[in-house]
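Now for the letters of each chain:
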Amino acid sequence: MKISDILKRGVFSISFEFFPPKSEEGEKQLLETVRKLEPLRPTFVSVTYGAGGSTRDRTKEIVKKIHEETDINVMAHLTCIAHTRQELLDILNDYRKIGIENILALRGDVPRDKPHWRPPEGACRYAKELVQLIRENFGDAFSVGVASYPEAHPESPNLQWEVKFFKEKVEAGADFSITQMFFINEHYYRFVEMCQREGINIPIIPGIMPITNFKQIKKFASLCGATIPQSLVEKMEKLSDKPEEVKKLGIEFAINQCLDLIENKVPGLHFYTLNKSDATLKIYEAIKDKLPRRGL
Ligand SMILES: Cc1cc2nc3c(=O)[nH]c(=O)nc-3n(C[C@H](O)[C@H](O)[C@H](O)COP(=O)(O)OP(=O)(O)OC[C@H]3O[C@@H](n4cnc5c(N)ncnc54)[C@H](O)[C@@H]3O)c2cc1C
């Protein structure tokens, strides 16, 4: 089912993001996680894609497995920077053939460790061009999501710039957006307000990253420019030798963050699960009575 059609019905979206595991053991663990999260009736789950095309087959395999072996709606992430347009069309055609109707259209990142790396001739340079490619070749066959950045993408000089190019992606045909992780809801509210002022009306679903391992999430956050509140950093640092306490605090923080977002009428919540179910299940349990109409 297309995510855009579900969102148009005013359904509050709950979704989970996974990455394609590298090993058979990892895949087994992921499928267990999917099974544990399935009873939460997610609106969709999504599977990430390696920007260099490195996970091309693994992403497709996992997407196919979830699509065929569960009742869950799946969205495949697709990054354009390292592919020719023909390769992108081939991947999209493969997804159509297996019945996938949802794509998160992304640019991806230029590999950091390859300073002389250049995109292939005629590649899509920005996510907007991938959205255009999808619409030109597949019309409305796919529901298309795009990324957005409440604290601006690290390459954007400011938020005005961010909103300007986000608007171009929406005008190219994006149906909805999922945000980069953020830990201070005011950043999200400010971003949404700026988008609305620019006439952007697609649902902007907040991306929630529960802090279960502070060192790891601090690194992710610094790479993508997400600010962790100083008060939380201080509390986390005091607990550095108590991983269970860190996890407890991280989950508690995410619960409060989600409750505030729900109260402020967000269109849904997208959880970055890191392929584990534990934190997401606990958060869901704590917020489920406050969720607006799920209607699935
Ligand atoms: C929800 C979510 C899921 C993600 N999933 C993946 C994944 O599966 N795999 C992966 O590799 N990465 C993923 N990413 C990370 C993403 O690929 C990177 O953040 C990447 O650097 C930007 O991708 P984008 O699609 O946002 O790019 P774009 O929308 O193309 O924007 C990239 C930068 O270019 C600027 N820009 C856009 N158009 C123009 C223009 N015409 N001229 C000048 N500047 C312009 C933008 O303002 C921004 O600063 C994800 C991010 C999010 C938020």
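Everything here concerns the structure above.
Rules and cut-offs
Residues numbered from 1 in each chain as written. Predicted model: local features only at pLDDT ≥ 70, side-chain atom pairs only at ≥ 80, totals over all residues. Core = buried A, V, L, I, M, F, W, Y, C linked by C-beta atoms within 7 Å. Buried ≥ 20, exposed ≤ 12 C-beta atoms within 10 Å, placed from the backbone. Contact = placed C-beta atoms within 7 Å. Near = placed C-beta within 6 Å. Helix = DSSP H or I, 4+ residues; strand = E, 2+ residues; numbered from the N terminus. Nonpolar A, V, L, I, M, F, W, Y, C, P; charged D, E, K, R; others polar. Pairing = 2+ DSSP bridges. Axes fitted to C-alpha atoms, helices over the stretch in contact; angles between N-to-C directions. Parallel < 35°, antiparallel > 145°, perpendicular 65-115°, else oblique. Left-handed = near helix turned anticlockwise from the far one by under 90°. Expected span 1.5 Å × (residues − 1). Arc of directions from axis to C-beta. Right-handed = clockwise from strand over helix to strand, strands pointing away.

Colleague: So, the nonpolar core: which residues are in play, and what are the values?
Modeller: As a rule of thumb, soluble globular proteins bury nonpolar side chains together. Of all hydrophobic cores here, the largest spans 77 residues; its most connected members are V74, A76, L78, I103, A105, L130 and V131. The residues contacting V131, other than those within four sequence positions of it, are A105, V144, V146, K169, A172, G173 and A174.

Colleague: Please provide a residue-by-residue account of the site of the ligand, values included.
Modeller: If you check the shell around the ligand, you find 24 residues, and the closest are T48, H77, R107, A127 and A147. Broken down by secondary-structure element, the contributors of at least two residues to the shell around the ligand are β3 (74-79), β4 (102-106), α5 (127-138), α6 (159-171) and β6 (176-181). With 4 residues, α6 is the largest single contributor of residues to the shell around the ligand. Tallied by class, residues from the shell around the ligand come to 10 nonpolar, 8 polar and 6 charged.

Colleague: Provide a residue-level description of the sheet that holds strand β5 (residues 143-148), including the pertinent values.
Modeller: Reading around the barrel, the 8 strands line up as β1-β2-β3-β4-β5-β6-β7-β8 and close back on themselves, with parallel pairing between neighbours. Each strand axis lies, on average, 25 degrees off the axis of its neighbour in the sheet, ignoring direction. Together, β2 (44-47) and β3 form the strand contacts of helix α3 (residues 56-69), whose direction differs from that of β3 by roughly 170 degrees.

Colleague: Summarise the environment of I200; cite the residues concerned and give the values.
Modeller: Mapped onto the elements, I200 comes out in the loop between α7 (185-197) and β7 (204-208). Residue classification places I200 among the partly exposed positions, given that 19 C-beta atoms sit within 10 Å. In the structure, I200 is positioned 63 residues away from N137 in sequence and 24 Å away in space, judged by C-alpha atoms.

Colleague: Outline the environment of Q196, supporting the account with residue identities and numerical values.
Modeller: Residue placement: Q196 occurs in helix α7. Overall, Q196 belongs to the exposed group, with 11 C-beta atoms counted inside 10 Å. Q196 sits 18 residues away from F214 along the chain, and the two C-alpha atoms are 34 Å apart.

Colleague: Tell me about unusual backbone geometry, and please be specific about residues and values.
Modeller: If you check the backbone angles, A152 has positive phi at about 75 degrees while not being a glycine. For A152, the location among the structural elements is in the loop between β5 and α6. For A152, a count of 20 C-beta atoms within 10 Å translates into the label buried.

Colleague: Provide a residue-level description of the packing of helix α4 (residues 85-98) against α5, including the pertinent values.
Modeller: Running from N to C, α4 and α5 cross one another at 60 degrees; their axes reach a closest spacing of 11 Å. Between α4 and α5, the angle is such that the two are oblique. When the axes of α4 and α5 are compared, the crossing they make is right-handed. Of the residues in α5, those touching α4 at R85, L88, L89 and L92 are L130, L133, I134, N137 and F138.

Colleague: Outline α3, supporting the account with residue identities and numerical values.
Modeller: Taking 1.5 Å as the rise per residue, α3 with 14 residues should run 20 Å; its terminal C-alpha atoms sit 20 Å apart, in good agreement. Residues of α3 that are buried include every one of R56, T59, K60, I62, V63 and I66, and no others. Down the axis of α3, the buried side of the element spans an arc of 165 degrees, and every buried residue falls inside it. Turned more than 90 degrees away from the buried face of α3 sit D57, E68 and E69, all of them exposed. Turning to α3, the residues buried within the fold contact α2 (24-37), β2, β3 and α4.

Colleague: Give me the lowdown on α2, citing residues and values where you can.
Modeller: Across its 14 residues, α2 extends 20 Å between first and last C-alpha, which sits within 8% of the 20 Å expected from 1.5 Å per residue. Looking only at α2, the buried set comprises L30, T33, V34 and L37. An end-on view of α2 places all buried positions within 100 degrees of arc, on one side of the element. Residues of α2 that are exposed and point over 90 degrees away from its buried face: E24, E25 and K28.

Colleague: Please provide a residue-by-residue account of the pairing of strand β1 (residues 13-18), values included.
Modeller: In terms of burial, β1 is a largely internal element, 6 of the 6 residues being buried. Both faces of β1 are covered, namely the face carrying S13, S15 and E17 and the face carrying I14, F16 and F18. Across 4 bridges, β1 lies against β2 in parallel orientation. Of the residues in β2, the one forming a bridge with S15 is F44. This β-α-β element, β1 to α2 to β2, shows right-handed connectivity.

Scope: geometric values only; no functional claims are made or implied.
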